[in-house]
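Breakdown of the fold
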Amino acid sequence: MNYIKGIQIVFFIIIGLLVSSLSFLMFHISPLNGLASLIDSGFGSSIALLETLKVTTPLLIMAVGLSVPFTAKFWNIGGQGQLIIGEIAATATGLALSPYLPPPLVITASMGAAFVGGAAWAMPPTIMKIKFGANEIITTLMMNFVAVYLLDYLLIGPMEGSQAKLVHAPASNPIPASDMLPKLVSTVGLSAGIIIALALAGLFYFILNYTNFGYELRVIGESRNAAKYAGIKADRRILESMAISGGIAGIAGMVLVFGTTQILIPQFFSDISTAYGYVGIPVALIASLNPLAIIASSFFLAGILNGAYIMEALYSVPIDVVITIYGTIMLFSMIGVIGDVFKALRRWIK
Amino acid sequence: MNISGIAIAVVLATFPSAIPIWLAALGETVDQASGVLDLGVEGIMLMGAIAAFVVDYFYHSALIAFIVAGLVGLAFSAVHAFISITLNGDQVVSGTALWFIGWGLSGVIYAAYFGLAITPPSVPTIGSINIPVLTSLPIVGKVLFGESPLFYISILITIALWSIMFRTQFGLNLRSVGENPLVAEVMGVSPVIYRYVSVLFGGFMAGLAGAYLTVGLTGSFYFDMTAGMGFIAVALVYFGKWNPWRVSVGAVIFGLVYALSAELESIYTSVPYQFFSMWPYIATLLIILAVGKSAHAPDALTMPYVRE
Amino acid sequence: MEPYIRMVGITKKFPGVVANDSVNFEVYKGEIHALLGENGAGKTTLMRVLYGLYRPDAGKIYVNGNEVKIGSPTEALRLGIGMVHQHFSLIPYFTVAENVAIGLGSWRNGLEIEKIKAMIKDVSEDLGLYVNPDAYVHQLSVGERQRVEIIKMLVRGVNVLILDEPTSALTPQESQQLFNVLKRMKDGGRGVVLITHKMYEVMEVADRVTVLRRGRVVLNALKGEISEKALVEAMVGKEVILGSPEKRSVPQKGALSVEGLVVKGDRGEVAVNGISFVVRGGEIVGIAGVAGNGQRELVEAIFGMRKAVSGKITVDGVDITNKDIRDRVSAGLELIPEDRLGTAVIPKLSLFQNAILHERWWDPYSKMGVLSISKARDLAKRIINSFGVATPNEQVQAGSLSGGNIQKFVVGRSMARGARYLIAVNPTAGLDVAATDSVRKTLVEFRNSGGAVLLVSEDLDELLSLSDRLYVIYRGKLVKEFLPQFDRLAIGEAMMGGQQ
């Protein structure tokens, strides 16, 4: 039965992809050609695949993190803010410790700092929900904006890099090359972050499906009353799940800086390429929050993102098109999640 | 600048900043009163913004621009209505998807018409309506009687919505659908029709709100120019406890917050601007905190209605 | 005289069951027609067909001599047919007048609450249906809510009013008031259909009676023409249903004891106000009371789903007052909650996932927080087999089972873990006769094997037939203890707060 549903979801995702490809028409590109070119650019060569894996890394980490509170139907839309704070914490820690400690310790400490930073940033909305019933969708989102401005300020203030000062482009000092995550494929710069990402996916597949913690989150998501009857401390589990989610989002930020960018730059939302906190939402949702399926969905959506960069360069199709595609895929995958779409429709028509 | 000068500048900027959130929040109020949460407002506002901008740019009619923006919003919300009402899908997921689509598509449309130009093109913004005599009153004259037409429209819609929701059979039926669609249906009120009407209205209003951003306020379109306003509008509905009047008060308070942070930013240049820019978002957090658990939300909010 | 409503050859099938099998049924104006039958006999189904909630698979309906198709309650109301369900359909945060006004009149109209109030006064005054139109429904008692439901129907000008088990949550005295209202409605020329399984209600108010058994009409007569004994025979046939348990076992050692318990309700009010009692092994202790007198808060506090403000709860002498549910379950306590699909099971999870809702804390179902799926499946299979849960396997979603099978599963789950103290809340509400039987049998066997049962129920008949003793709860206090032979009227009086 699960397989049938899985196939149904994939089917509707493909339809969503086809529908969203209609937007290519605005650029006088036939939708199917555009789609073919997009997919070819994302998955068509070994270089493209490696580039896609590079983008997959933070995306996969982020989506795995989001799937934890999502399982309890706690909608953490604040992944982006948590990622940014993770980046800040990791970069600051890395830069501060680099002169004194060997690289493995610097990396470990930075990752720890990123986890703590991201988790801490996830706490205010969570506590507001638990204590006052404040809608977490709104509060987590608001925290994103605050994080964006905080980062922006830090990069022209306390964390401003010496190079950046000269050229008046806000950025931090770079992480010393020796403290970066080891590269698996140096030509495209694919870092060991992908291993961390896969390990996290495996770990959380196990946690969500085979532990009391995962079971309890599921019960909370399905029915608060049942959770109470089952003796589940729902507030505590939500708090834990959000700490994990924020922490993992922070790690995604750390991996981004220590695996790819090396420096910290401002992140206004107009730049989708670094908005993994948002992109992670469709990645997690179209995979029905199953961490193993998230490996596939993150790779798939990363490829589209990658392909879209090439489309932008080749045909001036703006990168924004990926958000449209993600939204449409999310919409159609929802239709796939609904048990029997046609039955639902028939019942309604009656 | 002296204190009264600052005060006047802030007050003058309050309503223009309030209007987009105000319009969107009024629409969302009806949405939620019928039991449907539309998180797509942010995306729909962006679609309204780009639609109005394109229409005004090429056809030079602000009126048509607003109408088209409203209709685009309506069409977008129809998707949300179909998924959440007809297919009983998860309203949070569907709304999030719409937000993404609007977010991306507005940028795509912009690029399709105007390329990736560095300096954005602009259209003239609609002026304000100056009510003779009254405008010349000191201070309040300009604020209350020399505003954008959308200001007066917002007030009219607030009054109309309140009357409809609490003083008509239609409004009672609508609220009953939000509380318990099954009860409503047995009493001959179709939850499906009422919810569709509400969601479409909410979409129309969000479209108008977006149009105001481009055609009414700035004259240009920027990528992701709503910057969370749609979500602030959703927050205001909670603050306003599903009552158009209270929602309007909330919107004006927010206009004040925006105006104040912009004004202070220009005065206290020694303080990094980011600390002013983050104010509306922190204010939203505080406002949600202030509402606390006191409000009674419609019982069936976010609950799909499944007929037996 | 032509009947106002004539249902001819109505057949309604559900998967696996024929709920109505070519049933004929008539209602005249100016009479009270009792529709009598055991739980699950098809009474409610038949009336739901008439009210437009179900479509019949076969049969015809005539109203005033004209054949009609009734596709929805709205159409039924238009034809002058109204129905008051067992579970009220009122909006708690609306006033009485607003509730009455929903869907009344064209949507284009303004809302004139004063006019609505006048209409309410109009229809309710001579019937004795007193209720304050400005009160919010959540402030009203069960009896008052029922009156609002009836008013809702009367304002819509119904000629025939169907009431589904209207007295099930009322005290005998409130029931009496209701009957007076029904008699006045009859005298005013309206028809009333009273769905019931209680014999004395038929003898009390009905003019005509139709008995359904297993979806078929087995008897249709004027009340004067038939004896009570014949009615009973028609209703139950030759089956022997579980009546009062024959064997009263001797109380044993070990007890669930509650001392001076005070609990607050959702709105911060004192819902349980100093309750003390003891349930010993080998006895079923009933708690009778009108819904909303603190039963829910009492049960939740004992099981640990709600904080006790003060007082002491012990199991076998061990203080569990402030313990987690885990410790309570471990001490031998279990709860069969009232809300089956929202609390007792999670509909979207599989049966085996539901099986370990409490077991998941312990070996072999979990070790160091890691679950054993295979053990969970074994447990689910065991419950399914021992308690006759009809299901294809243990992997289907719990929500796909019928109410009766879900309840068997829930009861079985409590038994499987070897609980010795069981709290059961309305354990048979809404179940068909077979499932009711099975659940009650399980409770009695559990009692006979030395278990202690606290039975909280709104069904007085259930309490009277199962309890070894019972308390009446009123406004958060246990006002009186009763022992067999139970005095039904005295219990009713106590439920109304009459005897302190």
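Residues numbered from 1 in each chain as written. Chains lettered and ligands numbered in written order. Predicted model: local features only at pLDDT ≥ 70, side-chain atom pairs only at ≥ 80, totals over all residues. Heavy atoms only, no water.

1. Brief notes about the interface of chain A and chain C
- With 19 residues of chain A at the interface, the matching set in chain C holds 28 residues.
- The largest per-residue losses of area from chain A upon contact with chain C belong to N212, Y215 and Y229 of chain A, which jointly make up 40% of the total buried on that side.
- If you look at where chain A meets chain C, you find 2 salt bridges.
- Notably, a salt bridge pairs R360 of chain C with E216 of chain A, separated by 2.5 Å at the nearest N-O pair.
- When residues of the side of chain A that touches chain C are traced back to their parent elements, those giving at least two are α8 (193-210), α9 (212-222) and α10 (224-229) of chain A.
- Looking at which element gives the most residues to the side of chain A that touches chain C, the answer is α9 of chain A, with 6 residues.
- Its residues assigned to classes, the side of chain A that touches chain C shows 8 nonpolar, 6 polar and 5 charged. (Contact = heavy atoms within 4.5 Å. Buried area = accessible area lost by both parts, 1.4 Å probe. Salt bridge = Lys/Arg side-chain N within 4 Å of Asp/Glu carboxyl O. Helix = DSSP H or I, 4+ residues; strand = E, 2+ residues; numbered from the N terminus. Nonpolar A, V, L, I, M, F, W, Y, C, P; charged D, E, K, R; others polar.)

2. Let's talk about the layout of surface pockets
- In this structure, the second largest pocket occupies an estimated 790 Å³ of space.
- In terms of lining, the second largest pocket is formed by 32 residues, of which the most central are Y149 of chain A together with M225, A227, Y258 and Y281 of chain B.
- Residue assignment for the lining of the second largest pocket shows that the elements contributing at least two residues are α6 (136-156) of chain A together with α1 (3-33), α9 (191-218), α11 (244-267), α12 (274-277) and α13 (279-291) of chain B.
- If one sorts the elements of the lining of the second largest pocket by residue count, α11 of chain B sits on top with 6 residues.
- Broken down by class, the residue content of the lining of the second largest pocket amounts to 23 nonpolar, 6 polar and 3 charged. (1 Å grid on protein atoms, 1.4 Å probe; cavity = no way out; pocket = protein on both sides within 12 Å on 5 of 7 lines; lining within 4 Å. Points joined across faces, edges and corners; volume = space filled by probe spheres on them.)

3. Examining the pattern of salt bridges
Residues and elements named next belong to chain C.
- All chains considered together, the criterion is met by 28 salt bridges over all chains.
- Notably, a salt bridge pairs E67 with K69, separated by 3.8 Å at the nearest N-O pair.
- Of the residues examined, K69 reaches a relative accessible area of 67% and is grouped as exposed.
- A salt bridge links E481 to R469; the shortest N-O distance between them is 3.0 Å. Of this pair, E481 sits in strand β22 (residues 477-482) while R469 sits in strand β21 (residues 469-474), placing them 12 residues apart in sequence.
- Judged by relative accessible area, which is 39%, E481 ranks as partly exposed.
- Exposure remark for R469: the relative accessible area of 10% places this residue in the buried category.
- When salt bridges that share partners are traced, they join D266, R296, E297, E300 and R306 into one network. (Buried < 20%, exposed > 50% of the residue type's maximum accessible area, 1.4 Å probe, protein only.)

4. Description of the domain arrangement of chain C
All names here are of chain C.
- Looking at chain C, the domain boundaries give domain 1 (5-236) and domain 2 (255-495).
- The C-alpha centroid of domain 2 is placed 32 Å from the C-alpha centroid of domain 1.
- Every contact between the two is made by 13 residues of domain 1 and, on the other side, 13 residues of domain 2.
- Carbon and sulfur atoms make up 55% of the area that domain 1 and domain 2 hide from each other, which totals about 1,000 Å².
- Linking domain 1 with domain 2 are 0 residue pairs in polar contact (both at pLDDT 80 or more). (Domains from an automatic or database assignment. Polar contact = N/O pair within 3.5 Å; in protein donor to acceptor, adjacent residues only side chain to side chain.)

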